[in-house]
Amino acid sequence: MFAPSRLKLARQRLGLTLTGLANASGVSPRSLTNFETGDRVPSAESLEKLATALSVPTAFFDREALEAIAPEAASFRKLSKTSATRRDAVLAGASLTVEFYDYISSNFHLPEPNIPTLDKLAPEAAAELVRQRWALGDRPVANLVHLMESKGVRLGALKHQYHDIDAFCFVRDNTPYVLLNTSKSGERQRFDAAHELGHLVLHDELEMDPSTSKERESEANQFASAFLMPRSAVLAQSMRAASLDRVLAARRYWRVSAMALTHRLHELRLLNNWQYRTMCLNLSELGYRSTEPGGIVPETSQLLRKVMYGTAGRVTVRDAANALSLDQRDVRGFVRDLVPVSAADDLSDRGPAASAIDSPLGSERSGLKLVEGSQRRRRSG
Ligand SMILES: [Zn+2]
């Protein structure tokens, strides 16, 4: 059974227009339109051409129809700078990431979603309440990716070519998804993840009315800042008029960028305007505006590592690629840099090679538990 939605998605994920696909496949634009609307079903010959042009096996088009993620339902950080084609490409990738997690959850019990909805609160108060509900105290979050996974958030990687998109989130079947651009610094990714958590907590239903986009972005940033650097703890650290060295030491403690900490100190009036500007200038000169010299190792996924590279009944890249009718490279793309490189490179079924790999950062005491399904279900078709 040919699924028109899959043709459209396969085209969009490569950033191709109808004309672009027509040129690449030799199938006419008119036929393509008819195939995508479902008015006509492609011949076996056309299907072969399309599959080749779109780098998928023909079986990809025969799987069940896909529900696309609407652009309004996703929290794009920089929508204005993102062309519709690029936006559709990352959304198509996100749809496939959802299928990937659906496949994983047919083999493992994943943590239930547990994200508070606090859309009536100001970002600072919401961040404090989330910390309280999750019993985090006011210490630094050791590993935000692990923490979010334990609260039912499913994380995936964005294609690095979309470097102008840092991250976005959406909710599908009551399950929150966050896609991160893993080409950024560890601190940047961590802040991006906290920013998306802010959207999930503050912006119920994620109805992304473009007219209030700026406000939402600002709220999500305030949430991230307050969540990663709680007011009471920062105030207790004697950071008033802090020196550059002090800021560089404290950013390690909080595991945030020096710039993010500087903004926070200014926000909490621990740096006055003049001190804030001077600090920003000094950090800029030292290269801290676009990079994070001596920064943290980016956080990786505990869940994906256990599921894909653990010892018990794991889902290998090959399994997932077969089940989803995708290339193994696509599956590796979903988890790019979210599992340690040595594990991600282990593409063969050489056994539990990754069990010895441990997160360099230690684990959040998050209670993440993956329970293998008692009857491991394989998809039958
Ligand atoms: Zn945002």
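Residues numbered from 1 in each chain as written. Predicted model: local features only at pLDDT ≥ 70, side-chain atom pairs only at ≥ 80, totals over all residues.

Helix and strand counts for the protein come out as 17 helices and five strands. Within the protein, buried positions represent 41% of all 381 residues. Within the protein, residue pairs in contact and separated by at least 24 positions form 72% of the contacts whose partners lie at least 6 positions apart. (Helix = DSSP H or I, 4+ residues; strand = E, 2+ residues; numbered from the N terminus. Buried ≥ 20, exposed ≤ 12 C-beta atoms within 10 Å, placed from the backbone. Contact = placed C-beta atoms within 7 Å.)

The next point concerns helix 1 (residues 4-13). Counting buried positions over the 10 residues of helix 1 gives eight, a clear majority of the element. Turning to helix 1, its buried residues are Arg6, Leu7, Lys8, Leu9, Ala10, Arg11, Gln12 and Arg13. Looking at the buried residues of helix 1, the elements they touch are helix 2 (18-25), helix 3 (29-37), helix 4 (44-54) and helix 5 (84-105).

Here strand 3 (residues 167-172) runs beside strand 4 (residues 175-180); their pairing, made up of six bridges, is antiparallel. Within strand 4, the position partnered with Phe170 by the bridge is Tyr177. Between strand 3 and strand 4, which pair antiparallel and follow one another directly, the connecting turn spans two residues, one of which, Asp173, has a positive phi of 50 degrees. (Pairing = 2+ DSSP bridges.)

Another point: the packing of helix 2 against helix 4. Closest axis-to-axis distance for the helix 2/helix 4 pair is 9 Å, and the angle between their directions is 110 degrees. Overall, the two elements helix 2 and helix 4 adopt an arrangement that is roughly perpendicular. Across the interface between the two elements, Leu21, Ala24 and Ser25 from helix 2 touch Lys49, Leu50 and Ala53 from helix 4. The class makeup of the residues in the contact of helix 2 with helix 4 is four nonpolar, one polar and one charged. (Axes fitted to C-alpha atoms, helices over the stretch in contact; angles between N-to-C directions. Parallel < 35°, antiparallel > 145°, perpendicular 65-115°, else oblique. Nonpolar A, V, L, I, M, F, W, Y, C, P; charged D, E, K, R; others polar.)

Turning to the sheet that holds strand 4, a few remarks are in order. The strand order across the open sheet built from three strands is 2-4-3, with neighbouring strands paired in mixed fashion. The outermost strands of the open sheet, each flanked by one partner alone, are strand 2 (154-157) and strand 3. Between one strand and the next, the sheet's axes are offset by a mean angle of 20 degrees, whatever the strand orientation. As paired elements, strand 2 and strand 4 share four bridges and run parallel to each other. Its bridge partner lying in strand 4, Arg154 is registered against Tyr177. Its contacts with the sheet put helix 5 on strand 2, strand 3 and strand 4, and the angle it makes with strand 4 is roughly 125 degrees.

Even without being a glycine, Ser325 presents a positive backbone phi close to 55 degrees. Following the sequence through the fold, Ser325 ends up in the loop between helix 15 (317-324) and helix 16 (328-334). Its identity is not glycine, yet Asp337 carries a phi of approximately 65 degrees, on the positive side. Topologically, Asp337 is positioned in the loop between helix 16 and helix 17 (341-344). With 19 C-beta atoms packed within 10 Å, Asp337 lands in the partly exposed category.

If you trace the backbone, Val339 turns up in the loop between helix 16 and helix 17. Counting along the chain gives 33 residues from Val339 to Lys306, while the straight-line C-alpha distance between them is 9.5 Å.

A few words now on the environment of Leu270. Note on placement: Leu270 falls in the loop between helix 12 (258-267) and helix 13 (273-285). Distance from Leu270 to Val234, taken between C-alpha atoms, is 9.3 Å for residues 36 residues apart in sequence. In this structure Leu270 touches Met239, Arg240, Ala242 and Leu265, once residues within four positions along its chain are discounted.

Our focus in this paragraph is the packing of helix 1 against helix 5. Running from N to C, helix 1 and helix 5 cross one another at 125 degrees; their axes reach a closest spacing of 7 Å. Judged by the angle between their axes, helix 1 and helix 5 are oblique. Between helix 1 and helix 5 lies a crossing whose hand is left-handed. Contacts from Leu9, Gln12 and Arg13 of helix 1 reach helix 5 at Asp88, Ala89, Ala92, Gly93, Ser95 and Leu96. Classifying every residue of the contact of helix 1 with helix 5 gives four nonpolar, three polar and two charged. (Left-handed = near helix turned anticlockwise from the far one by under 90°.)

Okay, the environment of Ser213 next. Structurally, Ser213 is set in helix 9 (residues 213-228). On the basis of neighbour count, Ser213 is assigned to the partly exposed category, with 16 C-beta atoms found within 10 Å. Each C-alpha atom of the pair Ser213 and Ser75 lies 8.9 Å from the other, and the pair is 138 residues apart in sequence.

Another point: the confidence of the model for the protein. With 86% of its residues at a pLDDT of 70 or more, the protein shows a mean pLDDT of 87. Confidence over residues 346-368 falls short of pLDDT 50; this stretch has 43 contacts with residues more than four positions distant or in other chains. Predicted confidence is poor over residues 373-381, with pLDDT under 50, and the contacts of this stretch with residues over four places away or in other chains come to nine contacts. (pLDDT = per-residue confidence, 0-100.)

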